[in-house]
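Chain and residue survey
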Amino acid sequence: MSEITLQGGQEVLGVSRVEGPILVVEGATNIGYDEVVEVADSQGQLRRGRVVEVGEGMAVVQVFAGSTGLSIDGTRVRFLGETLHIPVAEEMLGRVFDSLGMPIDGSPLPLTDRYADVNGQPINPTARVYPRDYIQTGISAIDGMNTLLRGQKLPIFSGAGMPHDQIAAQIVRQATLGALAGEPSSESEQFAIVFAAMGVKHDVADFFRQSFTESGALTRVAMFLNLADDPPVERLVTPRAALTLAEYLAYERQMHVLVILTDMTNYCEALRQISNVRGEVPSRKGYPGYLYSDLASLYERTGRIRTSEGSITQIPILTMPNDDITHPVPDLTGYITEGQITLGRDLDHQGIYPPIAVLPSLSRLMKDGIGKGHTRDDHPHLSAQLYAAYAHMQDVRALASVIGEEELGTVDQQYLKFGRAFEREYVNQSLTEDRSIEKTLDIGWRLVSMLPQEELTRVSRAEIEQYYKGEDAAH
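Keep in mind the model is a prediction, meaning the values are calculated, not measured. All chains use their own residue numbering, which begins from 1 and follows the written sequence. A pLDDT threshold of at least 70 governs which residues receive local features in this predicted model, and a stricter bar of 80 or more applies before side-chain atom pairs are shown or counted, although totals over entire chains, interfaces and linings include all residues. With hydrogens and water excluded, all non-hydrogen atoms of the structure serve as input to the side-chain values.

**Details of the overall build of the protein**
A run of DSSP states H or I qualifies as a helix once it reaches four residues; a run of E qualifies as a strand once it reaches two. Both are numbered from the N-terminal end. Helices and strands together make up the secondary structure of the protein, namely twelve helices and 22 strands. Radius of gyration (C-alpha) of the protein: 25 Å, near the 23 Å computed for a compact globule of 475 residues. Dimensions of the protein, computed from the C-alpha atoms along their principal axes, are close to 85 × 55 × 40 Å. Between buried and exposed lies partly exposed: a residue is buried under 20% and exposed over 50% of the maximum accessible area for its type, with that area taken using a 1.4 Å probe on protein chains only. Out of the 475 residues in the protein, the part that is buried amounts to 55%. The globule rule used for comparison is 2.2 Å times the number of residues to the exponent 0.38, while the radius of gyration itself is calculated over C-alpha atoms.

Structural data, given as structure tokens:
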């Protein structure tokens, strides 16, 4: 192998090993981790990559477009001496880009002299502002019991075939013109949506694009697409490129940005694939031992900071293999993020939309964004009462499956009746129904009024006197 030093970097002719999207290059010196490289085949065709491992006189390069057509002797690798940067500008809204920030919508590159590192800048924890601003999504199971706050990261745990894409699109449609844009009189320029697709099918990408168009939000959306037939290795860059633009819009252009990342399971599968090719010692289910820190490097690029009026709210979507919530991807995601919206297969089979399973769902920040001064004074207590009553109903339902519903006591039968109504009237709503928080809370009170007053142990006496409707109100 021979080495030629060129302006702006060094170039090596020939590689020692080619395996999948991985090249092992020997003879290069002073190479940095995450450094960008240009790889040319024997015909001079260029493709890009980055350094994923360095050693003494050796570098492991990950080629974004794969190594098909590359030979050991005829491949030239040029190290550019810098990390991967993408252009960032407001005019990227309304555009579609590939994993590396290159336009794929037929329009030219954005006119900007700003290029930002896709790895982002670490946020000083002392500069963070605690999320306290409630976002009204119009979905009762979220607003009432798993409230989303501006600056929060709240993933959707789903499974194959369940309507997680429709739920995400509905959140975008109903939250965009409401809480994300601030007061109704605010300029629409204050919000933006950054959408990143990793390994999804073409029809999923088309669904989101159509949904954004119909909601009137398309001009405020930047899409980064890595589809199922695109190189898997590019999936590792897609969310980072999307979050880089989001950080620019939020922290420099003072926008409120909603970031949707789908499907994080595909991202983790690509990470496992590359890790196996590199010969790394696998951890649980074959995933690399650094899966937790890698996911954290994405999820933690979210929030609010003291030096900016903008915010980043993140909704990652992941499909749980075999609906297993203990699988490494949802398991680690749950540790890093501030809760999860879990979809239930049983509810989906019953035709309930959105099939949000209330009991395993959680919003860890909700207590600080609801109640007096945020939603309504009775919200925290009513939410706790609904949760407790629905949890008790599940126990009663299990008992009824053994001894029969007719053998239950009067109160237990009332709980069963409450549970059915809760699923059909509170959780269930149409794709186009946008419920205000007042309507959501009123429905909740109507449902708990199906239970005797002495069963309502989570709400105050004053709240019962003000909102309790009595038995007849349930009809």
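**Quick look at the side chain of S311**
Within the element layout of this structure, S311 appears in strand β20 (residues 311-319). Note on contacts: a residue pair is in contact if any heavy atoms of the two residues lie within 4.5 Å. Not counting residues up to four positions away in its chain, the partners in contact with S311 are R150, A250, M255, H256, V257, G303 and R304.

**Focus: unusual backbone geometry**
Of note, the bond from T262 into D263 is cis; its omega dihedral lies within 30 degrees of zero at 5°. Tracing the backbone shows D263 in the loop between β18 (256-262) and α5 (264-277). In this chain, Y353 is followed by P354 through a cis amide linkage whose omega measures -10°. Its place among the elements puts P354 in the loop between α8 (345-349) and β22 (362-363). At N322, a residue that is not glycine, the phi angle is positive and equals roughly 55°. In this structure, N322 sits in the loop between β20 and α7 (328-336).

**Points about the environment of P131**
Summarising the element assignment, P131 is placed in the loop between β12 (128-129) and β13 (134-135). Under the relative-accessibility criterion, P131 is labelled buried at 11%. As for P131 and L100, which are separated by 31 residues in sequence, their C-alpha atoms are 31 Å apart. Beyond its immediate stretch of four places on either side in the chain, P131 contacts L149, R150, G151, L365 and D368.

**Topic: the packing of aromatic side chains**
Stacked, edge-to-face and tilted labels apply to pairs of Phe, Tyr and Trp rings (six-membered ring for Trp) whose centres lie within 6.5 Å, assigned for plane angles under 30 degrees, over 60, and everything in between, in that order. Enumeration over the complete set of coordinates arrives at nine aromatic pairs. Relative to F422, the ring of F418 lies with its centre 5.8 Å away and its plane at 35°, an arrangement referred to as tilted. Of the two residues, F418 and F422 both sit in helix α10 (residues 410-427), four residues apart, roughly one turn of that helix. F422 matches F418 in its accessibility class, with the two residues each being buried. Pairwise contacts between aromatic rings join F195, F207, F208 and F212 into one cluster. Definition used: whenever NZ (Lys) or CZ (Arg) falls within 6 Å of the ring centre and also within 35 degrees of the ring normal, the charge is taken to sit over that ring. Here R272 stacks its cationic end above the ring of Y287, 4.4 Å away from the centre of that ring.

**Description of the side chain of D34**
With respect to the helices, strands and loops of the structure, D34 is situated in the loop between β4 (22-26) and β5 (35-40). Looking at D34, the relative accessible area reads 13%, which means it is buried. Polar contacts here mean pairs of N or O atoms no more than 3.5 Å apart (in protein, one a potential hydrogen donor and the other a potential acceptor; neighbouring residues in sequence count only if both atoms are side-chain atoms). Polar contacts involving the side chain of D34 include one to the side chain of R50, which spans 3.5 Å.

**A word on the pattern of salt bridges**
By definition, a salt bridge exists where a carboxyl oxygen of Asp or Glu is found within 4 Å of a side-chain nitrogen of Lys or Arg. Evaluation of the coordinates by the stated rule reveals 27 salt bridges. Between R128 and E300 there is a salt bridge, with the nearest N and O atoms lying 4.0 Å from each other. With R128 in strand β12 and E300 in the loop between α6 (291-299) and β19 (304-305), this pair connects stretches of sequence that are 172 residues apart. On the basis of relative accessible area, R128 is assigned to the partly exposed category, the value being 25%. A salt bridge links R132 to D368; the shortest N-O distance between them is 3.8 Å.

**Section: the confidence of the model for the protein**
pLDDT expresses, on a scale from 0 to 100, how confident the predictor is about each individual residue. With 94% of its residues at a pLDDT of 70 or more, the protein shows a mean pLDDT of 89. Across residues 1-7, where pLDDT falls below 50, the model places 20 contacts with residues more than four positions away in sequence or in other chains. Low pLDDT (under 50) marks residues 179-189, which in the prediction has 18 contacts with non-local residues, meaning those over four places away or in another chain.

**Focus on the packing of helix α9 (residues 379-403) against helix α11 (residues 437-448)**
Relative to each other, α9 and α11 sit at 45°, their axes nearing to 10 Å. Considering their axes alone, α9 and α11 lie oblique with respect to each other. Judged by the twist between their axes, the crossing of α9 over α11 is left-handed. Contact with α9, carried on its side by H379, L382, Q385 and L386, involves I437, L441, G444, W445 and V448 of α11 and no other residues of that element. In this description, a line fitted to the C-alpha atoms serves as the axis of each element, helices being fitted only across the stretch in contact, and the angle between N-to-C directions of two axes falls anywhere from 0 to 180 degrees. Angular relationships are summarised with four words: roughly parallel below 35 degrees, roughly antiparallel beyond 145, roughly perpendicular across 65 to 115, and oblique for the angles in between. A crossing counts as left-handed when the near helix is turned anticlockwise from the far one by less than a right angle, and as right-handed when that turn is clockwise.

**What to know about helix α3 (residues 202-214)**
By definition here, a helix of n residues has an expected span of 1.5 Å times n minus one. The end-to-end C-alpha separation of α3 is 18 Å, in line with the 18 Å expected for 13 residues at 1.5 Å each. Of the residues one or two after α3, G216 is the one with positive phi, at around 80°.

**Structural notes on a nonpolar patch on the surface**
The patches reported here contain residues having more than 30% relative accessible area and no salt bridge. Joining distances are 9 Å for like charges and 5 Å for nonpolar side chains (Val, Leu, Ile, Met, Phe, Trp, Tyr). All accessibility values rest on the Shrake-Rupley procedure with a 1.4 Å probe; residue burial counts only the protein chains present in the view. A surface patch of nonpolar side chains, about 270 Å² in accessible area, is lined by L399, V402 and I403. With respect to the helices and strands, I403 occurs in helix α9.

**Considering α6**
Three or more residues of α6 are buried, namely L291, D294, L295, A296, L298 and Y299. On its buried face, α6 is in contact with α4 (238-251), α5, β20 and α7.

**Describing the nonpolar core**
Residues grouped as a nonpolar core are buried Ala, Val, Leu, Ile, Met, Phe, Trp, Tyr and Cys residues, joined through side-chain atoms within 4.5 Å. Grouped together as the largest cluster of nonpolar side chains are 59 residues, with contacts concentrated most on F224, L249, M264 and L295. Looking at which element gives the most residues to this core, the answer is α4, with nine residues. The residues touching M264, leaving out its near neighbours within four places in the chain, are M198, L295, L298, Y299, P316, I317, L318 and V329.

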